[in-house]
Amino acid sequence: MAHYELDPKQPLNSKTWEAINEFSLWLHAQHELADIQRGSLERIKNIIPHRISMFDLVMVGADGQTDYIDPISTTMDQAELDAYYQRYAAMDYTTWSFDLYHLSVYRDLDLVDVERRDRTPIFLEWMQPQGVYYGCGATLAAAGIPLGTVTLFREHLAGDFTGTEMRILQELARHLSLRLHELYPTGIVEHDGNLKDPVADLIETAGINPREAEILQLMIDGRTNKQMAATLFISESTVKKHVNAIYHKLGVSNRMGLAALLLPQAAWTHSTHRCT
């Protein structure tokens, strides 16, 4: 069976790139994992049309086993979502074919022939009753650390996901992987059933306001003052005022001090620019 080969040079039009960039800007202002999951699914549906979707997180246990945790869907009943993870995930033919430790995108019918797929319990008992026929997905990972998966399904009449749509999904998955890795550089962790963002905790403790939080995250991403001004559509002098306010609240005097304070709480992107 011929497998789909993603062309990394698959052309995308300017409108699509604008949607991807808007997704990235929104994403990098988010700190709560559930908000990232739910908001990402809502935005992906506007870029890649589909009927149902789900976004789970992947955690590596002390024994090295990977577990899917905290799945979210904005398009299917909770009962159907629970049914997948409690019964059908273990027999999902797609999970036999991809590596959770590396970012990748796939289409279901490139992994298994349609005749065989159409006889599987997951198709007959879970996909068909929900009116979906085609599926695709992305594994989210960075630096060899598994972080999550995003899965999309659409009905038969809509046709399979196109090469262009898979190229878009790859770009969105890349942004998601980078953001999750920024928040959890050593991987997703679970504390008493609740996932926590250590940088968000610091923001709350120091009394950093929402605009300063945006600036702080952009600083963690390695942006210069000029780049931050362009991203947030404000003047460079306004950026400097926010930066100085952040330094004051955190008790540091420059980016080196900020990096020392945040590490290992955040994945710091080193920058060679001089920008205090």
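Before reading on, note that the structure itself is shown above.
Thresholds applied
- Residues numbered from 1 in each chain as written.
- Predicted model: local features only at pLDDT ≥ 70, side-chain atom pairs only at ≥ 80, totals over all residues.
- Heavy atoms only, no water.
- Core = buried A, V, L, I, M, F, W, Y, C linked by side-chain atoms within 4.5 Å.
- Buried < 20%, exposed > 50% of the residue type's maximum accessible area, 1.4 Å probe, protein only.
- Helix = DSSP H or I, 4+ residues; strand = E, 2+ residues; numbered from the N terminus.
- Phe/Tyr/Trp six-rings, centres within 6.5 Å; stacked < 30°, edge-to-face > 60°.
- Lys NZ or Arg CZ within 6 Å of the ring centre and 35° of its normal.

Student: If you had to explain the nonpolar core to someone new, which residues and values would you point to?
Tutor: The biggest cluster of nonpolar side chains holds 55 residues, and the ones touching the most others in it are Ile48, Phe55, Trp126 and Leu140. In terms of residue count, the dominant contributor to this core is helix α6 (residues 163-183) (eight residues). Ala213, Ile215, Tyr247 and Leu258 belong to the second-largest nonpolar core, a separate cluster that totals 20 residues.

Student: Before we move on, can you summarise the packing of aromatic side chains with the specific residues and values?
Tutor: The full count for this structure, using the stated rule, is seven aromatic pairs. For the ring pair Tyr84 and Trp126, a centre distance of 5.2 Å and an interplane angle of 50 degrees mean the geometry is tilted. Placement of Tyr84 in helix α3 (residues 78-88) and of Trp126 in helix α5 (residues 121-127) is noted, with a sequence separation of 42 residues between them. Note on Trp126: relative accessible area 1%, which makes it buried. Through pairs of rings, three or more aromatic residues link up here, namely Tyr68, Tyr84, Tyr85, Trp126 and Phe153. Against the face of Trp26 rests Arg43, its NZ or CZ located 4.0 Å from the ring centre. Between the NZ or CZ atom of Arg154 and the centre of the ring of Phe161, over which it lies, the distance is 4.0 Å.

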